[in-house]
Amino acid sequence: MAEADVAKRAEKLRELIAYHSWRYYVLDDPEISDDAYDALVRELEQIEREHPELVRPDSPTQRVGAPPSDQFAPVRHSQRMYSLDNAMDEGELVAWLERTTRDLGRPVRYVCELKIDGSSIALTYEGGVLVRAATRGDGTTGEDVTANVRTIKTVPLRLIGPGAGATVEVRGEVYMPKASFERLNEAQEAAGLPVFANPRNAAAGSVRQKDPSVTASRDLDTFLYQVVEPERFGLATQHEALEWLRASGFKVNPDVRVCASTDEVLAFCREALERRHDLPYEIDGVVVKVDSFAEQAELGFTAKAPRWAIAYKFPPEERTTKLLDIRVSVGRTGALTPYAVFEPVRVAGSTIARATLHNADEIARKGILIGDTIIVRKAGDVIPEVVGPVVALRDGSERPFVMPDACPSCGSPVWRPEGEAVARCVNAACPAQRLERLIHWASRGAMDIDGMGEEIIARLVDEGLVADVSDFYRLSEERLAALPLGRVKKDGSPVVLGPVVAAKLVGSIEASKRRPLARLLFGLGIRHVGATVAEALADAFGSVDAIAAASAEDLAAVEGVGPVIAASVRAFFDNADNRALIERLKAAGVATSEERPAEMGEQPLSGLTFVLTGALSSMTREQAAEALKAMGAKVTDSVSKKTSFVVVGESPGSKRDKALALGVPIIGEEELLRTLSTGQPPAA
């Protein structure tokens, strides 16, 4: 075949594959068999192997091909990606609808769309070819995740229909289907890795993988819902824009309704709430938009959100189930915590079967009996919580919970200090405490030994390979690879950790030796020494040896420490076993001090104190705290008159109320991200 003919055939194959991919992945209506589709792909792959000069970025053979990335480059959005104001109940939604009608002075037509519980994405096409994919970030600047998003099969690499050849930015949501989420968590558990809390977190984490092949394995999907600058394509309404997206090759959610009245909007919201569990993906509400783009422009924006759209949030999802038992766990400090064990039930995107009950007083306050039918939900759609019992369903077989007077792990006496709600095991050598201390040391907030999950640690303890945290640093790849996981294959041979996971674990263990001093102090599990106190001690003394040598008075003089914490720190280092542990860590090469940097010029947030409360969507609170500290700010756990700003995320706690009472300025996540991006302190 002549060179020109080969190039034409390759182009034709790309068009055919793109069309049939759209039919299969987006419309779920294939026109050809899988074998026929595979034959087209194989033919194109062969041509590109023989003629590498014909390989193009928009070729379907290039969905996965970029090398792993160490970082994601910043991308400035062509237009700001606003967040939406929320209506938390029908009353607030009706008030918004009435206000919108009043502001426009005429009847309004709305478009109602399901609010997909995923991760926002912006896709840029030039000449109809995908050139960039970016996360939402702070709304102004996101991260370039093009290589990862290219692996998602419902993202067209080249547009078809009305979008063919267009230069355009479109926006939507990357999500993980429920079935894919369940498979991913099963695989995580089998590998001894942490499971994801919900599909939203799983989708966001998958999009930001350093290796695109990992993203490709996660079975992500998309729904697109916005065309930036729609007037360039002759689009006058939101429902026209959705049709344009669908015809151009994008996957658009089919559950969309144009509504002409408040009653019609409410009916759609109620139907969506009733159907949410039947959908193959998670939704957490309904987005209501003014349909006309001209009317959207007339309404405009507030500083944070469009006035022409609102998110009606579903109430926290509650389910009933049977409380089978109340058991007690023993924490690393000996604290005994009762937890509920109930018949498994699916709530807010995942199946749960247990939830903490905090302490005996809380159980009594809620009036919970073993055997009750209970109402469960997820606080903030994340943390399993028992709301209370359904008293009307009791049959007389229920019985009260009694806190044990002996530790369920070691049998030692249990002591409840006067005035405290928590009972404790008095045996410092308690096996359960030892296991929890090991888990705490490897956790993300402490030494962050990636992949060293609870299951693996428990197996290491059972095999006698790890007794205290210094033993992590004596583990070899060979011994880890042979670690039995307590399961057997079909042929009866034991399932072991294997060389691949073992190599990664040894690398993670080695990397943990260089964690900051504050992480090590927190990881040691000294009573009352949380992450914030550990930071204060590390800043004040600079090494474990200096802290160990400090008097109680010197320790108490550190801001945020005080006499109670100082006494606890002093007691820890006065213990010979603890001092011996520190020496073993030093011998293993774990850094127990940190060099003080040369005096730096004043940092942009120097002198400001921040408190974080609630869940952030773009990062964890720990990451936000690290970013603030890197710019010179101080981050504390409690709100006082000295606090400069309280950062409020979703489902904030009592810190927000205290900030309001004290008159401390409150900022949201967008303003936090703007501060981190520009280095300019928030406006007080």
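The present account deals with the structure reproduced in this document. (Residues numbered from 1 in each chain as written. Predicted model: local features only at pLDDT ≥ 70, side-chain atom pairs only at ≥ 80, totals over all residues. Heavy atoms only, no water.)

1. Here we look at the sheet that holds strand β8 (residues 221–227)
Applicable threshold: Any two strands with at least two DSSP-identified bridges between them are counted as paired. Only DSSP runs of H or I covering at least 4 residues are called helices, and only runs of E covering at least 2 are called strands; the numbering of each starts at the N terminus. Angles here are taken between N-to-C directions and fall from 0 to 180 degrees, while the axes themselves are lines fitted to C-alpha atoms, restricted in helices to the stretch in contact.
The antiparallel open sheet is built from 4 strands, whose spatial order is β5-β4-β7-β8. Bordering the open sheet on either side are β5 (129–135) and β8, each of which pairs with just one other strand. When strand polarity is set aside, the average angle formed by the axes of neighbouring strands in this sheet is 30°. When strand β7 (residues 168–175) meets β8, the two strands line up antiparallel, connected through 6 bridges.

2. Re the state of the cysteines
What counts, and what does not: Note on disulfides: each one is a pair of cysteine sulfur atoms within 2.5 Å.
A complete count under the given rule lists 0 disulfides for this structure. As a non-bridged cysteine, C269 has C112 as the owner of its nearest cysteine sulfur, 5.5 Å distant.

3. Describing the packing of helix α20 (residues 562–574) against helix α21 (residues 576–587)
Short version of the rule: For classification purposes, an angle smaller than 35 degrees is called roughly parallel, one larger than 145 roughly antiparallel, one from 65 to 115 roughly perpendicular, and anything else oblique. The contact criterion used is simple: two residues touch if any of their non-hydrogen atoms lie within 4.5 Å. Under the grouping applied here, Gly and all other residues not named as nonpolar or charged are polar, the nonpolar ones being Ala, Val, Leu, Ile, Met, Phe, Trp, Tyr, Cys and Pro and the charged ones Asp, Glu, Lys and Arg.
Between α20 and α21, the least distance of the axes is 5 Å, while the angle of their chain directions is 75°. Taken together, the axis directions place α20 and α21 in an arrangement best described as roughly perpendicular. Two secondary-structure elements touch here, α20 through F572, F573 and D574 and α21 through A576, N578, R579 and I582. When the residues that make up the contact of α20 with α21 are grouped by side-chain class, the tally is 4 nonpolar, 1 polar and 2 charged.

4. Remarks on the nonpolar core
This is how the line gets drawn: As used here, the term nonpolar core means buried Ala, Val, Leu, Ile, Met, Phe, Trp, Tyr and Cys residues forming a set that is joined through side-chain atoms within 4.5 Å. Throughout, exposure labels follow a simple rule: accessible area from a 1.4 Å probe, protein chains only, divided by the maximum for the residue type, with under 20% read as buried, over 50% as exposed, and the rest as partly exposed.
Judged by nonpolar contacts, the single largest core of 53 residues is most densely connected at W441, M452 and F472. The residues touching F472, leaving out its near neighbours within four places in the chain, are L438, W441, I449, M452, I457, L460, V466 and I509. Core analysis: the second largest hydrophobic core is formed by 35 residues, I121, A166, L220 and F250 among them.

5. Looking at the environment of I17
Following the sequence through the fold, I17 ends up in helix α1 (residues 3–26). Its relative accessible area of 1% is what places I17 among the buried residues. Residues I17 and V41, spaced 24 residues apart in sequence, show a C-alpha to C-alpha distance of 7.0 Å. Aside from chain neighbours lying at most four places away, what touches I17 is Y37, L40, V41, L44 and P60.

6. Comments concerning unusual backbone geometry
In this structure, H358 is a non-glycine residue whose phi angle is positive, near 70°. Tracing the chain through its elements places H358 in the loop between β14 (350–356) and α11 (360–366). Unusually for a residue other than glycine, D448 sits at a positive phi of about 50°. Relative to the assigned elements, D448 resides in the loop between α12 (431–442) and α13 (454–462). Residue classification places D448 among the partly exposed positions, given a relative accessible area of 26%.

7. Brief notes about α12
Formally: The length a helix should cover is 1.5 Å for every residue beyond the first.
Between the first and last C-alpha of α12 there are 17 Å, a value that for 12 residues agrees with the 16 Å anticipated at 1.5 Å per step. Looking at α12, one finds that the buried residues are A432, Q433, L438, I439, H440, W441 and A442. In this fold, the buried residues of α12 make contact with β12 (318–330), β18 (423–425), α13, α16 (517–523) and α21.

8. Observations concerning the sheet that holds strand β24 (residues 666–667)
With parallel pairing, the 4 strands of this open sheet are ordered in space as β22-β21-β23-β24. Taken across any chain shown, the strands that pair with only one partner, and hence form the sheet edges, are β22 (634–636) and β24. Relative to strand β23 (residues 645–648), strand β21 (residues 609–613) runs parallel, the two sharing 4 bridges. When the bridges of β23 are listed, V611 appears paired with V646.

9. Overview of the layout of surface pockets
So the rule is basically this: The method works on a 1 Å grid over the protein atoms by themselves. A cavity is a set of points holding a 1.4 Å probe that cannot get out, a pocket is an open set with protein on both sides within 12 Å along at least five of seven lines, and residues with an atom within 4 Å of a point line them. Grid points are joined across faces, edges and corners, and a volume is the space filled by probe spheres set on the points.
Roughly 1000 Å³ of volume is contained in the second largest pocket. Around the second largest pocket, the lining comprises 30 residues; the ones closest to its centre are R332, A428, R437, F572 and N578. Sorting the residues of the lining of the second largest pocket by element identifies β18, α12, α20 and α21 as the ones contributing at least two each. Residue composition of the lining of the second largest pocket, by class: 15 nonpolar, 7 polar and 8 charged.

10. Thoughts on the environment of M447
With respect to the element layout, M447 can be found in the loop between α12 and α13. Looking at M447, the relative accessible area reads 0%, which means it is buried. Expressed as a C-alpha distance, the spacing of M447 and V131, which sit 316 residues apart in the sequence, is 38 Å. Beyond its immediate sequence surroundings of up to four residues, M447 is in contact with W441, Y473, S512, R515, R519, L520 and V590.

11. Here we look at the pattern of salt bridges
Pairing between side chains of opposite charge can happen when their charged atoms approach one another. Defined as follows: When a carboxyl oxygen of Asp or Glu lies within 4 Å of a side-chain nitrogen of Lys or Arg, that pair is called a salt bridge.
Applying the stated rule across the entire model yields 44 salt bridges. The salt bridge partner of E271 is R257, with a shortest N-O separation of 2.8 Å. Pair noted here: E271 is in helix α9 (residues 262–275) and R257 is in strand β9 (residues 256–259), with a separation of 14 residues, a long-range link. A relative accessible area of 31% means that R257 is categorised as partly exposed. Residues K513 and E510 are paired through a salt bridge, measuring 3.2 Å at the closest nitrogen-oxygen approach.

Purely spatial values, then, with no claim about function.
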